[in-house]
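Residues per chain are reported as follows:
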Amino acid sequence: MADADDVRRLALALPHVVEIDSDGFDFRVAGKGFVWSYPERTPGKPRLIRTDIAVLFVGDEAEKQALLLGEPDVFFTAPGYDDFPLVMLRLAEVDVERLRELVTDAWRMRAPDDLAADLDEADESRPALGGT
């Protein structure tokens, strides 16, 4: 089960990430958001920043629909997000390794190619898991 602290740790481990001051978490690469706390809006009530739910950039509508249809207990969308390549992720429904993949994928889709190369270089220099 993942939480907001895991999101922060994973996002900040990626190259060139900036955390924006907010009531929850909000991470950018090259000025583009890739993961942030869900600002839940209920008519007639103040906006509520939900740190148990992350908004993730997913790249395109096909990927968004695949996640929403394939894992409706994990991913959802809300009014106001329909025309954007974003999904909401219930953090309690994923483990840290899955969260790492999702956050890294979101970062890759938002980072310019020259910055993405920095992550590829870091991955190549990291020792393989399990050893030989």
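All figures in this text were calculated on a predicted structure; none of them were measured in a lab.

Trainee: Break down helix H2 (residues 61-70) for me, with residues and values.
Mentor: What H2 keeps buried is the set Lys64, Leu67 and Leu68. Projection of H2 onto a plane perpendicular to its axis shows the buried side chains occupying an angular sector of 95°, all on one side. Of the exposed residues in H2, the ones pointing more than 90 degrees away from its buried face are Ala62, Leu69 and Gly70. Those residues of H2 hidden inside the fold are in contact with strand E5 (75-76), strand E6 (86-90) and helix H3 (96-110).

Trainee: Describe the packing of aromatic side chains, naming the residues involved and giving the relevant values.
Mentor: Within the structure shown, the criterion is met by three aromatic pairs. Ring centres of Phe25 and Phe27 lie 6.3 Å apart, and the angle between their planes is 25°; this geometry places the pair in the stacked category. Of the residues examined, Phe25 reaches a relative accessible area of 2% and is grouped as buried. For Phe27, a relative accessible area of 0% puts it in the buried group. Seen in terms of ring centroids, Tyr38 and Tyr81 are 6.2 Å apart; in terms of plane orientation they differ by 55°. Their pairing is tilted. Of this pair, Tyr38 sits in strand E3 (residues 32-40) while Tyr81 sits in the loop between E5 and E6, placing them 43 residues apart in sequence. You can call Tyr81 buried: its relative accessible area is 9%. Three or more aromatic residues joined by ring pairs make a cluster, and in this case those are Tyr38, Phe76 and Tyr81. The ring of Phe57 is capped by Arg110, whose NZ or CZ atom sits 4.2 Å from the centre of that ring.

What counts and what doesn't
- Residues numbered from 1 in each chain as written.
- Predicted model: local features only at pLDDT ≥ 70, side-chain atom pairs only at ≥ 80, totals over all residues.
- Heavy atoms only, no water.
- Buried < 20%, exposed > 50% of the residue type's maximum accessible area, 1.4 Å probe, protein only.
- Helix = DSSP H or I, 4+ residues; strand = E, 2+ residues; numbered from the N terminus.
- Arc of directions from axis to C-beta.
- Contact = heavy atoms within 4.5 Å.
- Phe/Tyr/Trp six-rings, centres within 6.5 Å; stacked < 30°, edge-to-face > 60°.
- Lys NZ or Arg CZ within 6 Å of the ring centre and 35° of its normal.

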